[in-house]
Amino acid sequence: MQVSKRVTREIINALLNQLFMAYKKVESYKDEITSDLMDHYRECLTLLGEDPHREGLLKTPERIAKSMQFLTHGYSMDAHAILNSAKFHEEISEMILVKDIEVYSLCEHHVLPFFGKAHIAYIPNGWITGLSKIARVVDVYARRLQVQERLTTEILHAIKETLNPLGVAVVIEASHLCMMMRGVQKQNSVTTTSAFWGEFEKNETRSEFTKLISARLH
Ligand SMILES: [Zn+2]
């Protein structure tokens, strides 16, 4: 399957964009929520046997309160609006693949991180979107309490509903701290989830996609 120069250029732009976004700190906290969370986290520290008044912990409730708001900021984002904001008419019917998108999320059962990579492909049907938007859609659903299976299908549905493509494929590989630090303590296990729709339900297209995501170019 040929990837045009234009698409290659877009992939480079998306990577640069992602790099930039990784360093841009999102600092929008609601004071009232921060202060209520701080009260609760101070109480949690006491219940866990700590002294929230000792020097090292004085600012901890505030840090957790802000960090948790950041880690769940996906609730206030709209994936459909993000994809629609950069939707272009384009007669491409080749597979567009964005590989190795960083994923950081929190498991909803233990509120512990799970993290890894997402690989997303779609086959346009007249409409494409900016590749950096695909990466942002991952964050919309990852930055909230999640299970990996739902994260995978929510990303697929957002792309399917917005771009009306011929097919969408989403694969996520992630390590779960709730498995690594507690529970079964399996340090090296990686959970893979996948969702395929449309053209990707055909064996041929799906294996083309699988071949592309498992190929290492570097
Ligand atoms: Zn868990």
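Residues numbered from 1 in each chain as written. Predicted model: local features only at pLDDT ≥ 70, side-chain atom pairs only at ≥ 80, totals over all residues. Heavy atoms only, no water.

Asks: Help me get a handle on the coordination of the zinc ion, residues and values and all.
Replies: Donor atoms from the polypeptide that bind the zinc ion are C107 (SG), H110 (ND1) and C178 (SG), placed at 2.1 to 2.3 Å. Spacing between the donor residues of the zinc ion along the chain follows C-x2-H-x67-C. Separated by 68 residues along the polypeptide, H110 in the loop between β2 (96-107) and β3 (113-123) and C178 in helix α7 (residues 177-180) bring together distant segments of the chain. Judged by relative accessible area, C178 falls into the buried class, the value being 11%. (Donors = N, O, S within 2.8 Å, 3.2 Å for Na, K, Ca; no water. Helix = DSSP H or I, 4+ residues; strand = E, 2+ residues; numbered from the N terminus. Buried < 20%, exposed > 50% of the residue type's maximum accessible area, 1.4 Å probe, protein only.)

Asks: Hey, could you go over the side chain of T193 for me, with residue numbers and the actual values?
Replies: Secondary-structure assignment places T193 in strand β7 (residues 191-198). Given a relative accessible area of 9%, T193 falls into the buried group. A polar contact is formed between the side chain of T193 and the side chain of Q148, at a distance of 3.0 Å. Excluding its chain neighbours within four sequence positions, the residues that come into contact with T193 are Q148, E149, T152, V170, V171 and I172. (Polar contact = N/O pair within 3.5 Å; in protein donor to acceptor, adjacent residues only side chain to side chain. Contact = heavy atoms within 4.5 Å.)

Asks: I'd love a proper account of helix α8 (residues 203-214), names of residues and values included.
Replies: Helix length check: α8, at 12 residues, gives a terminal C-alpha distance of 16 Å against a target of 16 Å (1.5 Å per residue), a fit within 8%. Structurally, α8 contributes buried residues whose contacts are with β2, β3, β6 (167-176) and β7. (Expected span 1.5 Å × (residues − 1).)

Asks: Describe the pairing of β2, with residues and values.
Replies: Direction of pairing for β2 relative to β3: antiparallel, over a ladder of nine bridges. Across the sheet, residue V98 finds its bridge partner in β3, namely I120. Joining the antiparallel neighbours β2 and β3 is a turn of five residues, in which V111 adopts a positive phi near 50°. Two strands pair when backbone bridges link them, and β2 and strand β5 (residues 145-146) are joined in this way by two bridges, in the parallel orientation. Across the sheet, residue L106 finds its bridge partner in β5, namely L145. (Pairing = 2+ DSSP bridges.)

Asks: Break down the packing of helix α5 (residues 131-142) against helix α6 (residues 148-163) for me, with residues and values.
Replies: As a packed pair, α5 and α6 sit with axes 9 Å apart at the nearest point and diverge in direction by 135°. The orientation of α5 with respect to α6, classified from their angle, is oblique. Judged by the twist between their axes, the crossing of α5 over α6 is right-handed. Here I134, V137, V138, Y141 and A142 of α5 come into contact with α6, specifically with L151, E154, I155, A158 and I159. (Axes fitted to C-alpha atoms, helices over the stretch in contact; angles between N-to-C directions. Parallel < 35°, antiparallel > 145°, perpendicular 65-115°, else oblique. Left-handed = near helix turned anticlockwise from the far one by under 90°.)

Asks: Report on the sheet that holds β6, specifying residues and quantitative values.
Replies: Strand order in the open sheet made by the five strands is β5-β2-β3-β6-β7, with mixed pairing throughout. The open sheet has two edge strands with one neighbour each: β5 and β7.

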